[in-house]
Amino acid sequence: AQSVTQLDSQVPVFEEAPVELRCNYSSSVSVYLFWYVQYPNQGLQLLLKYLSGSTLVKGINGFEAEFNKSQTSFHLRKPSVHISDTAEYFCAVSETGTASKLTFGTGTRLQVTL
Amino acid sequence: DAGVTQSPTHLIKTRGQQVTLRCSPKSGHDTVSWYQQALGQGPQFIFQYYEEEERQRGNFPDRFSGHQFPNYSSELNVNALLLGDSALYLCASSSTTSAETQYFGPGTRLLVL
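Before going into details, it helps to say that this report is about the structure given with it. This one's a predicted model, so the numbers in the text were calculated from it and none came from an experiment. (Residues numbered from 1 in each chain as written. Chains lettered and ligands numbered in written order. Predicted model: local features only at pLDDT ≥ 70, side-chain atom pairs only at ≥ 80, totals over all residues. Heavy atoms only, no water.)

One finds L33, W35, L47, L48, F74, L76 and Y89 of chain A to be the most contacted residues of the largest nonpolar core, which totals 28 residues. Within the residue set of this core, elements represented by two or more residues are strand 2 (10–14), strand 3 (19–21), strand 5 (31–38), strand 6 (44–50), strand 8 (64–68), strand 9 (73–78), strand 10 (87–95) and strand 12 (108–113) of chain A. If we skip the residues at most four places from it in the chain, L76 of chain A touches V19, E20, L21, W35, L47, L48, F63, E64, A65 and Y89 of chain A. Ranked by size, the runner-up nonpolar core spans 20 residues in total, among them Y49, V78, C91 and V112 of chain B. (Core = buried A, V, L, I, M, F, W, Y, C linked by side-chain atoms within 4.5 Å. Buried < 20%, exposed > 50% of the residue type's maximum accessible area, 1.4 Å probe, protein only. Helix = DSSP H or I, 4+ residues; strand = E, 2+ residues; numbered from the N terminus. Contact = heavy atoms within 4.5 Å.)

See the structure below:
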C-alpha cells in the first residue's frame, strides 16, 4: 500500500514570488508520481508526472517537480507565481506497471495575492 | 477531441435513495476509474473498470457498484444513500498504451439530505 503526505494545507504567497509545495510518499514498491491541480468547482488537471528517467520533471504552466528517491519526496516548484495559480494542488502516487489506482494526498491550497 | 465527460453535474438525493452517475471516457481510452472526493479531502479510489469488468476496488462498501459498457462508458451506482455519501464523484480514464496516466472529468457533485 502507498500513502502520500502533503504537510502544508495552505501556502500563501505574493504574486511573482517563488513557491514550493511539499509532497512525501511511502511505498514498499516502485511508484509513479503525479501532481494534479484543481480549480474551484472543477475536476483535476494533470500538471506533471514522473515515470522514469530524469528526476527533474517539467509540466504545464511553468511548474516543475523533482523526484528524490532517498528522501521519498516529489516537491512541486514554480519560480514566479501568478494570481491565476490560486488553486488546490494534489500529489498522487500509483504502483508502476499496469493501470493502477492513484493514492492522493490531502491537498495544498495555494493562495496567490497581490 | 472531447475529454472525459460526466453527467449530471449536480444531484440532490435523500437518505435511503439510489443514484446513478455516468461517465464517458476520453476518446481512445478503454479504462475507467471512479473516485470520491469529500469536502476538503483528496480523492479516494472507489473502483476501476476494464473490458467491462471490475479490475480493482478500493475500501468502499458493496452499496457502491459499477458497470462498463461496450463503448467504454461507465456508470457508478450507489444504493441506500447515507449523508456521508455527499461528495464530488470524479471519473478518470486511461488507455492501455499509456496506462499510468489518468485524465479526470469535471465531476458530479452529490448532496444527500
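This part covers the packing of aromatic side chains. Residue and element names in this part refer to chain A. The final tally for this structure, using the stated rule, is 13 aromatic pairs over all chains. The interplanar angle of 45° and the centroid separation of 5.5 Å between the aromatic rings of F63 and Y89 together place this pair among those described as tilted. With a gap of 26 residues between them, F63 in the loop between strand 7 (56–58) and strand 8 and Y89 in strand 10 connect regions that are remote in the sequence. Residue Y89 is classed as buried on the basis of its relative accessible area, which comes to 0%. (Phe/Tyr/Trp six-rings, centres within 6.5 Å; stacked < 30°, edge-to-face > 60°.)

Another aspect to go through is the environment of D85 of chain A. Residue and element names in this part refer to chain A. Inspection of the secondary structure assignment puts D85 in the loop between strand 9 and strand 10. For D85, a relative accessible area of 3% corresponds to the buried category. Separated by 34 residues in sequence, D85 and L51 have C-alpha atoms that sit 25 Å apart.

Cis geometry marks the peptide bond from S7 of chain B to P8 of chain B; its omega dihedral reads -10°. For P8 of chain B, the location among the structural elements is in the loop between strand 1 (5–7) and strand 2 (10–13). Even without being a glycine, T72 of chain A presents a positive backbone phi close to 45°. Looking at where T72 of chain A falls in the secondary structure, it is placed in the loop between strand 8 and strand 9.

On to the pairing of strand 6 (residues 53–57) of chain B. Residues and elements named next belong to chain B. Strand direction decides the pairing type here: strand 5 (residues 44–50) and strand 6, joined by 4 bridges, are antiparallel. Bridging across to strand 6, Q48 finds its partner in Q56. Counted between consecutive antiparallel strands, the loop separating strand 5 from strand 6 contains 2 residues, among which E51 sits at a positive phi close to 50°. (Pairing = 2+ DSSP bridges.)

This next bit is on the pattern of salt bridges. Proximity of charged atoms lets side chains of opposite charge pair with each other. Residues and elements named next belong to chain A. Overall, the coordinates contain 9 salt bridges over all chains when judged by the stated rule. Among the ionic pairs, D8 bridges to R22, the shortest N-O distance being 2.9 Å. Within this pair, whereas D8 is found in the loop between strand 1 (3–5) and strand 2, its partner R22 is found in the loop between strand 3 and strand 4 (24–26), the two being separated by 14 residues in sequence. The class for R22 is partly exposed, based on a relative accessible area of 32%. Its salt-bridge partner being D85, residue K78 comes within 2.8 Å of it at the nearest N-O pair. The same class applies to K78 as to D85, namely buried. (Salt bridge = Lys/Arg side-chain N within 4 Å of Asp/Glu carboxyl O.)

Moving on: a nonpolar patch on the surface. Side chains of I12, L111 and L113 of chain B sit close together on the surface and give an oily, nonpolar patch of about 300 Å² of accessible area. With respect to the secondary-structure elements, L111 of chain B resides in strand 11 (residues 108–112). (Patch = residues over 30% accessible without salt bridge, like charges linked within 9 Å, V, L, I, M, F, W, Y side chains within 5 Å. Areas by Shrake-Rupley, 256 points an atom, 1.4 Å probe, with all protein chains shown as cover.)

Before going further, it helps to examine the state of the cysteines. Enumeration according to the criterion identifies 2 disulfides over all chains in this entry. Each disulfide pairs two cysteine sulfurs, and for C23 of chain A the partner residue is C91 of chain A, the sulfurs being separated by 2.0 Å. Here the disulfide of C23 of chain A and C91 of chain A is left-handed, its torsion about the S-S bond being about -65°. Separated by 68 residues along the polypeptide, C23 of chain A in the loop between strand 3 and strand 4 and C91 of chain A in strand 10 bring together distant segments of the chain. Since its relative accessible area comes to 0%, C23 of chain A is described here as buried. The partner cysteine of C23 of chain B in its disulfide is C91 of chain B, sulfur to sulfur 1.8 Å. Between C23 of chain B and C91 of chain B, the S-S torsion sits near -60°, and that sign places the bridge as left-handed. Of this pair, C23 of chain B sits in strand 3 (residues 19–24) while C91 of chain B is found in strand 9 (residues 87–95), placing the two residues 68 residues apart along the sequence. The exposure class assigned to C91 of chain B is buried, which follows from its relative accessible area of 0%. (Disulfide = S-S within 2.5 Å.)

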